[in-house]
Amino acid sequence: MKVACALITHLRVKAEVKREPHLERLPVIIVDRNHPRPLVIDSSPGDAAVTPGATLEQALSLCPGAVVLEADDSHYRRVFRQVLTALMGVSDRVEAADLGTACVGIDGLESMYGGEARLVTTLLNAVPRWLNPRIGVGEGKFPALVAARDSQPMGVSRVPPDPVAFLAPHSIDLLPMSAGTRDALHRFGLHTLGQIAAMPSDLLVDRFGHEGWLAWSLANGNDDSPLVPIKHEEMVVERTSLPFSSTSLELLLVAVDTLLRRAYARPEIRGRYVGKVLLECAVFRAAPWQKSIAFQEGVNRWERASFIVRSRLEAEPPQSPIDDLTLTLADFTGESGSQLGLMPEVRETRQQQLVEVERRLQTRAPGVSALYRVVNVAPWHPAPEMRAVQAPLDQAGTGGIRPLLAPVPVLVQEHPDHRPAAVRQGSHWCRVDRIAERWSFDLWWLPKPLTRTYYRVDREDGRQVVLFRDQREDRWYQQGH
């Protein structure tokens, strides 16, 4: 059985760096705290001294300047699921062997892609380049895995005609067996696959039973274990980033409606009924918040889905500030679910008319939303840009949620006590005639702390503007209007 193994090393670290690009040049350690002592499960590729299974104390003694992150398993699984979905677009036989490792059956597909080389290149290109995948090709899953480990990032390695010689120098730690058996083999002086292959098979069976036979067979390049393809589950996934971390339920509901309308507008949903909605939010320095909502009857309209989801969220909202939202629709059927009235409401008709106006405007400026609706999400918040957001009127489009009063960086000349003296206006400076009002706040407990001093000033041109000095960044901004 010809198998291509797609291997993504350090998937967890790569997923974190993709989410937080500033980590790219920093040493990163990811720990699992579901143990009496936090254990390392991944680290930056350059930190060879830090190995999975080490305690956090051991890892920091080897790499004292490392950034320590708590494992976000659901995020890593979501990234890997996207990889598997992409591979399933090339072959219908894809098995998820482990996080970051997928085995793909390629027998019989060569002619479809113009040969094995093009087929393997297609698999390699199906995986996002930022994951730097490696591909190994061999007869059986284990030889292909070893070949993938020998490959370079974005490279392909093939098992040569003599698989036993190819496997011989590799460590027995690659064998899929219990840690106890591997430790026992090491104590017997069997450290490489070549040493295992040279042993009489009956001796290994007598001492280690089935695992001994498995080790001997794999070391000799014989892997006839079947490839178990993933059962394809049709899903529609939509994501959006929130303009700021917030505990506001209203902001979350705005994001839910935005994604529901966008998802229900997808061609694959039209005429079908949805049975389940899964919500997932990234939470600052904590495990993601998840909510699975199953509908008693299939729902084919976003308004009805929104009503059900809203009622659940109002009863059980997330308790921590959230940064983004992923919405997944699943369990599709073609059967009728709950039916709404056949006569459209006046409000719905007016809404649709506005959406049509928005789409006509977008034909003149593609990709730019022209009409928004304003939603108050936290009117009590001291930072104006966190009080209300703009949501695109045509939420089936690509526009995202953005703050209503976003601050804009400006250049300000200061007095010695940091009061504004002049503001840069285009190519010239505009003097501040009077400070009408001053106030400040320090929201040190937020995921991204805010420490600001505000000034409502009268400029010499007669215009009144609101400026603030961000004391953490030591920069000036003008609050949006």
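As a starting point, this report considers the structure included with it. Computed from a predicted model, the values in this text were never measured in an experiment.

### Some thoughts on the side chain of glutamate 95
And then number 1: Structurally, glutamate 95 can be placed in strand β5 (residues 94-98).
And then number 2: One polar contact links glutamate 95 to lysine 141, side chain to side chain, over a distance of 3.2 Å.
And then number 3: When near neighbours in sequence (up to four residues on either side) are disregarded, glutamate 95 contacts Thr101, Ala102, Cys103, Lys141, Pro226, Leu227, Val228 and Ile230.

### Focus: the pairing of strand β19 (residues 428-443)
And then number 1: Relative to β19, strand β18 (residues 420-425) runs antiparallel, the two being bridged by four bridges. Bridging across to β19, glutamine 425 finds its partner in histidine 428.
And then number 2: Counting the residues between successive antiparallel strands, the hairpin from β18 to β19 contains two residues, one of them, glycine 426, with a positive phi of roughly 65 degrees.
And then number 3: As judged from the 10 bridges shared by β19 and strand β20 (residues 450-459), these two strands associate in the antiparallel manner. Looking at the pairing, tryptophan 439 lines up with tyrosine 454 of β20.
And then number 4: Hairpin connection of β19 to β20: six residues between the antiparallel strands.

### Details of the sheet that holds strand β14 (residues 388-392)
And then number 1: The strand order β13-β14-β15 describes an open sheet built from three strands, whose pairing is antiparallel. Of all the strands in the sheet, the pair left with one neighbour each is β13 (372-376) and β15 (402-403).
And then number 2: The pairing of β13 with β14 spans five bridges and is classified as antiparallel. Residue pairing in the sheet places asparagine 376 in a bridge with alanine 388 of β14.
And then number 3: Where helix α11 (residues 249-264) meets the sheet, its contacts fall on β13 and β14, and the angle it forms with β13 comes to roughly 150 degrees.

### Side note on the sheet that holds strand β21 (residues 464-470)
And then number 1: Strand order across the open sheet formed by seven strands is β16-β22-β21-β20-β19-β18-β17, with antiparallel pairing between neighbours. One side of each edge strand has no neighbouring strand; the edge strands of this open sheet are β16 (408-409) and β17 (412-414).
And then number 2: Here β17 pairs with β18 via three bridges, running antiparallel. The partner of glutamate 414 across the bridge, within β18, is proline 420.

### Remarks on the packing of α11 against helix α12 (residues 302-315)
And then number 1: The geometry of α11 relative to α12 is characterised by a closest axis approach of 10 Å and an angle of 150 degrees between their N-to-C directions. The orientation of α11 relative to α12 falls into the category roughly antiparallel. The chirality of how α11 crosses α12 is right-handed. Contact residues: Leu249, Glu250, Leu252, Leu253, Val256, Asp257, Leu260, Arg261 and Tyr264 in α11; Trp302, Ala305, Ser306, Val309, Arg310, Leu313 and Glu314 in α12.
And then number 2: Taken together, the residues that form the contact of α11 with α12 break down as 10 nonpolar, one polar and five charged.

### A word on the state of the cysteines
And then number 1: By the definition in use, this model includes zero disulfides.
And then number 2: Distance from the sulfur of cysteine 5, which forms no disulfide, to the nearest cysteine sulfur (cysteine 103) is 4.6 Å.

### Side note on the nonpolar core
And then number 1: Formed by 47 residues in total, the largest nonpolar core has its most connected members in Tyr264, Leu279, Phe295 and Leu329.
And then number 2: Broken down by element, the residue count for this core peaks at 10 residues, all from α11.

### Overview of the pattern of salt bridges
And then number 1: Counting across every chain of the model gives 26 salt bridges.
And then number 2: The partner of glutamate 268 in a salt bridge is arginine 266, with the nearest N and O atoms 2.9 Å apart.
And then number 3: Residue classification places glutamate 268 among the partly exposed positions, given a relative accessible area of 30%.
And then number 4: The partly exposed category is assigned to arginine 266, whose relative accessible area is 24%.

### Concerning the pairing of strand β6 (residues 101-105)
And then number 1: Among the five residues that make up β6, five are buried, leaving the element largely enclosed by the rest of the structure.
And then number 2: Alternating positions in β6 separate into two faces, Thr101, Cys103 and Gly105 on one and Ala102 and Val104 on the other, with burial throughout.
And then number 3: Across five bridges, strand β1 (residues 2-7) lies against β6 in antiparallel orientation. Within the sheet, the bridge partner assigned to cysteine 5 lies in β6 and is cysteine 103.
And then number 4: Direction of pairing for β5 relative to β6: antiparallel, over a ladder of four bridges. For glutamate 95, the partnering residue across the bridge sits in β6 and is cysteine 103.
And then number 5: Counting the residues between successive antiparallel strands, the hairpin from β5 to β6 contains two residues, one of them, glycine 100, with a positive phi of roughly 95 degrees.

### Remarks on the environment of alanine 215
And then number 1: As for its placement among the helices and strands, alanine 215 is situated in helix α10 (residues 210-219).
And then number 2: The buried category is assigned to alanine 215, whose relative accessible area is 2%.
And then number 3: Expressed as a C-alpha distance, the spacing of alanine 215 and leucine 204, which sit 11 residues apart in the sequence, is 8.3 Å.
And then number 4: Other than its neighbours up to four places away in sequence, alanine 215 contacts Leu175, Met177 and Ile196.

### A word on α12
It helps to recall that an α-helix has 3.6 residues per turn; residues three or four apart then point in one direction.
And then number 1: In a regular helix each residue adds 1.5 Å, so 14 residues correspond to 20 Å; α12 covers 20 Å between its end C-alpha atoms and thus fits that length.
And then number 2: Considered for burial, the residues of α12 that qualify are Ala305, Ser306, Ile308, Val309 and Leu313.

### A look at unusual backbone geometry
And then number 1: Positioned with a positive phi, methionine 154 is a non-glycine residue whose angle comes to about 60 degrees.
And then number 2: Within the element layout of this structure, methionine 154 appears in the loop between α5 (141-150) and β8 (156-158).
And then number 3: For aspartate 331, which is not glycine, the phi torsion reads 60 degrees and is therefore positive.
And then number 4: Here aspartate 331 is to be found in strand β12 (residues 322-333).

### Thoughts on empty space enclosed by the protein
And then number 1: Per the counting criterion, the structure on display carries one cavity of 30 Å³ or more.
And then number 2: Size it by volume and the largest cavity reaches roughly 60 Å³.
And then number 3: Taken together, the elements giving at least two residues each to the lining of the largest cavity come down to α3 (73-88), β10 (273-283) and β12.
And then number 4: Examining the composition of the lining of the largest cavity, we find that three residues originate from one element, β10, more than from any other.

Conventions we followed
- Residues numbered from 1 in each chain as written.
- Predicted model: local features only at pLDDT ≥ 70, side-chain atom pairs only at ≥ 80, totals over all residues.
- Heavy atoms only, no water.
- Helix = DSSP H or I, 4+ residues; strand = E, 2+ residues; numbered from the N terminus.
- Polar contact = N/O pair within 3.5 Å; in protein donor to acceptor, adjacent residues only side chain to side chain.
- Contact = heavy atoms within 4.5 Å.
- Pairing = 2+ DSSP bridges.
- Axes fitted to C-alpha atoms, helices over the stretch in contact; angles between N-to-C directions.
- Parallel < 35°, antiparallel > 145°, perpendicular 65-115°, else oblique.
- Left-handed = near helix turned anticlockwise from the far one by under 90°.
- Nonpolar A, V, L, I, M, F, W, Y, C, P; charged D, E, K, R; others polar.
- Disulfide = S-S within 2.5 Å.
- Core = buried A, V, L, I, M, F, W, Y, C linked by side-chain atoms within 4.5 Å.
- Buried < 20%, exposed > 50% of the residue type's maximum accessible area, 1.4 Å probe, protein only.
- Salt bridge = Lys/Arg side-chain N within 4 Å of Asp/Glu carboxyl O.
- Expected span 1.5 Å × (residues − 1).
- 1 Å grid on protein atoms, 1.4 Å probe; cavity = no way out; pocket = protein on both sides within 12 Å on 5 of 7 lines; lining within 4 Å.
- Points joined across faces, edges and corners; volume = space filled by probe spheres on them.

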